[in-house]
Amino acid sequence: MVRAFHYTRDDRLNRFDVIVVGGGHAGGEAAAAAARVGARTALITFSKANLGVLSCNPAIGGLGKGHLVREIDALDGIMGRLADASGIQFRVLNRRKGPAVRGPRAQADRKLYRQAAGIELLEKTPGLTLIEGEVTDLLVADQAVTGVELADGREIQAGAVVLTTGTFLRGLVHLGEERWSAGRIGEQPSHRLAERLLACGFALGRLKTGTPPRLNGRTIQWDALAVQEGDDPPEPFSSLTTTITTAQAPCHITRTTSATHALIRANLDRAPVFTGQIGGQGPRYCPSIEDKVNRFGDRDGHQVFLEPEGLDDDAVYPNGISTSLPRDVQAGIVHSMPGLEKTEILQYGYAIEYDFLDPRGLFPSLETKHLNRLFLAGQINGTTGYEEAAAQGLVAGLNAARRAGGQSAVHFSRMQSYIGVLVDDLVTQGVTEPYRMFTSRSEFRLALRADNADLRLTRFGSELKLVGAERLARFDTKEAALGQAKALLQSLSLTPREAERHGVALNQDGVRRTAFELLSYPHIEWGHLIRVWPALAAIPGLVADQAAIEAKYAVYLGRQEADIARLQRDEQLDLSVFDSGSYDGIAGLSNEIRLKLNLIRPRSVAQARQIEGMTPAALTLIAVHAKKRGERDRIAAVTDS
C-alpha cells in the first residue's frame with residue numbers, strides 16, 4: 001500500500017504517524033485501526049503484559065454492547081476475535097424477542113483474552129510498535145500536538161496522538177474508609193498527564209466506577225445453586241470465526257437476602273458513595289449493591305450471577321454486588337447469600353474515581369476542538385464498558401491516521417451504526433454519568449441489528465482501507481449468497497389456496513404472495529417454505545437465517561424510510577460554516593441554545609437536533625443562516641480566485 005503519511009520514511013523509534021497512549025480496549029482498537037490503514041503506529045503502555053486486560057468483569061457484549069462488538073468486527077477490529085478465542089460461555093440475550101434487541105454476549109477466560117490480545121497486537125499487526133513507559137507530557141506547537149514525552153525523558157514525535165487513559169487519570173481507589181491513588185488495583189495512576197491536560201486548558205470532571213469482590217470457587221457450595229448453561233452451539237462474534245473451539249463452562253446464580261440488605265442498611269454510614277468520600281458520579285444503570293438496596297428498598301433480593309474468570313482459574317466474579325463497603329461488611333454480604341456461606345474472598349471490591357474530559361469538546365472524529373491532532377477515546381470521554389471504549393478507539397485511531405496523512409475525517413452516522421449513535425450522543429449531549437450503550441438509544445434500531453453489522457459496515461470499511469482481504473473475501477461470498485437467496489424467495493409465490501394445501505394458513509383474500517413476503521408472517525418459518533419449495537433446503541443455514549430476518553423486518557423498515565431520508569438531508573447541510581465565527585449573530589436563538597451551539601459546534605443539522613433543549617424553531621433558524629453563510633462564502637471564494 002502506498003502511504004501518504006508524515007514520517008513514514010523515518011525508521012527511528014522517536015517518530016511515528018500515530019501514537020496511541022494506553023493499552024486497554026480503546027487503545028488496542030485505536031492502534032490496530034491506525035496500523036491497518038497504513039499509519040506507522042506506536043502504542044505506549046505501562047506494561048505489555050497487561051494489553052487488553054479485562055480489569056472488571058471478564059465478559060464481552062450484552063444488550064447494546066454486543067451490537068458494538070459486531071460493528072467493530074465488521075470493520076475488521078479485534079474485539080470480536082478476542083472474545084471468540086477466549087469465550088467460555090456464549091449466550092444471545094433477549095433471544096425470545098426480535099433480532100433488533102438481541103445481544104450476543106460471551107463470558108471470557110481472563111488469561112486467554114489477554115494472551116489473544118497480545119498476539120493480535122504484537123504479532124499480527126504490521127506497522128505497529130509497542131513501547132513500555134508512562135506518558136507524562138504532550139508536545140505542543142502552534143496549538144497542535146506534535147508528540148509525547150515519557151517519564152524517562154524520551155520525546156516521541158507523531159502526526160497525531162490518541163489518548164486512551166481509562167481510569168488512570170488521577171485515579172483514586174476507595175475501599176470503605178481506605179483510599180489510595182491507583183489507576184486500577186495494583187497499578188499506578190497518571191497524575192502528571194492529568195496536570196498537563198489542565199495546563200492546556202481542558203476542563204476535567206470526575207466520574208467513578210466499581211467492581212465486586214472476587215471469590216474462591218473452591219469454597220463455594222455449587223450444589224446449592226441454580227445452573228445457567230450457555231447456548232449450544234455457541235454463536236461467535238466474528239464473521240471470521242467458523243467454530244468456537246474453547247471449552248465451555250456453566251455459570252451459577254444466587255441472590256441477596258433480607259439479611260444482606262439489613263447488613264448493608266446498617267453500614268450505609270461507612271459507604272464512600274454515601275458519606276461524601278466519593279465525589280464522582282457513578283453509572284446509574286450499573287449501580288453498587290449498596291446503591292441498589294438504598295434505591296430499591298422494597299425488593300426482597302437481587303440476582304447475583306457467579307461467573308468463572310477462567311477455565312483453570314479458581315476466581316469467580318459475582319456479577320451484581322459491585323461495592324466499596326469496608327472489608328468486614330463485604331465479607332458479611334458474601335456470607336449472607338445462599339451457597340456462599342463459607343466462601344473465601346480473594347480480592348475485595350472497590351470503587352475508583354478518575355478524571356474525564358467533557359466529550360462536547362470533541363469533533364465527531366474524536367479530535368479535540370481545543371488542541372489539533374489530539375484524539376480521545378474510552379473512559380476519558382465519560383463512557384463505561386469495554387465495548388464503548390473499543391468502538392471509540394476504532395474511530396479515533398482511524399481518524400488520527402487520516403489526520404496524520406492529510407486526509408479528511410470520517411464521521412459515523414447514527415443511521416448507519418451504533419458506533420455513530422455512541423459518538424453522536426457523546427459529542428452533542430455530553431455526560432452527567434458514565435455513558436453506557438443500550439439499543440433504546442437508537443431511533444433506527446430495527447435497521448441497526450447485531451445480525452447485519454457486516455452488511456451495513458464492511459463495504460464502507462473496505463473503502464476506508466480498514467478491512468483486510470480475508471474479511472472482504474468472506475463478506476463478498478456471503479453478500480452474493482444472500483442476494484441469490486433473496487432473489488429466489490422473491491421469484492417463488494403461491495395463492496392462499498395453494499398455501500392451504502401445504503398446511504400454511506393465510507387470509508383467503510386471493511392475493512398471491514412471494515416466499516419472501518410469507519417469511520414476514522410470525523407463524524411462518526423457513527421449514528414451512530421448504531415443504532412448499534424443497535429447493536430452498538439447499539440454502540446454507542446462516543444465509544437462510546439472515547434472509548428470514550430481513551423479510552420479517554422489511555415492512556417496518558419501509559415505514560422508516562421517510563425518517564431516514566429526512567435525517568440524511570439534515571446531515572448533508574454542513575454547519576462547519578460557523579467554525580470561523582459564532583452563533584451570536586443569529587437573532588431569535590435563546591441564550592441557552594446559543595451557548596450550547598458555540599460549545600458543541602455541531603457539524604450538521606442532524607447533529608444539532610440531538611442537543612438537549614433544541615427546538616424546531618431554532619433548527620429552522622440555524623438551517624436558514626447556514627445556507628446564507630455558505631452561499632456568501634462560496635461567492636467570496638470565487639471572487640478571490
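Here the structure is shown first, and the text comes after it.
The text that follows walks through the structure, step by step, so that each part is easy to find. The shown structure was predicted, so the numbers you read here are calculated from the model rather than taken from an experiment.

1. Re helix 9 (residues 327–335)
Structural remark: α-helix, 3.6 residues per turn; residues separated by three or four positions point the same way.
Working step 1: Buried within helix 9 we find Val329, Gln330, Ala331, Ile333 and Val334.
Working step 2: Structurally, helix 9 contributes buried residues whose contacts are with strand 10 (172–175), strand 13 (214–216), helix 6 (258–266), helix 8 (289–295) and strand 18 (345–347).

2. Structural notes on the packing of aromatic side chains
Working step 1: Considering all chains together, one arrives at three aromatic pairs under this definition.
Working step 2: Note on Tyr553 and Tyr556: the rings are 6.5 Å apart at their centroids and 65° apart in plane angle, and the pair reads as edge-to-face. Taken together, the residues Tyr553 and Tyr556, both in helix 17 (residues 541–572) and three residues apart, mark about one turn of the helix.
Working step 3: Owing to a relative accessible area of 41%, Tyr556 belongs among the partly exposed residues under this scheme.
Working step 4: Cation over ring: Arg299 sits above Phe296, and NZ or CZ is 4.8 Å from the ring centre.
Working step 5: Over the ring of Phe363 we find Lys369; its NZ or CZ atom is 5.8 Å from the centre of that ring.

3. Regarding the sheet that holds strand 14 (residues 226–228)
Working step 1: Taken in spatial order, the six strands line up as 14-15-16-17-13-18 in an open sheet, and their pairing is antiparallel. Strands with a single pairing partner mark the edges of an open sheet, and in this sheet they are strand 14 and strand 18. With direction set aside, neighbouring strand axes in the sheet form an average angle of 40°.
Working step 2: The sheet contact formed by strand 16 (residues 303–308) and strand 17 (residues 315–319) spans four bridges and is antiparallel. By the bridge assignment, Leu306 is partnered in strand 17 with Pro318.

4. Comments concerning the nonpolar core
Working step 1: Ranked by internal contacts, the top residues of the largest apolar core, which has 99 residues, are Val18, Ile19, Ile60, Val148, Val161, Leu163 and Leu374.
Working step 2: Sorting elements by how many residues they give to this core places helix 10 (residues 386–404) first, with eleven residues.

Cut-offs and rules
Residues numbered from 1 in each chain as written. Predicted model: local features only at pLDDT ≥ 70, side-chain atom pairs only at ≥ 80, totals over all residues. Heavy atoms only, no water. Buried < 20%, exposed > 50% of the residue type's maximum accessible area, 1.4 Å probe, protein only. Helix = DSSP H or I, 4+ residues; strand = E, 2+ residues; numbered from the N terminus. Contact = heavy atoms within 4.5 Å. Phe/Tyr/Trp six-rings, centres within 6.5 Å; stacked < 30°, edge-to-face > 60°. Lys NZ or Arg CZ within 6 Å of the ring centre and 35° of its normal. Pairing = 2+ DSSP bridges. Axes fitted to C-alpha atoms, helices over the stretch in contact; angles between N-to-C directions. Core = buried A, V, L, I, M, F, W, Y, C linked by side-chain atoms within 4.5 Å.

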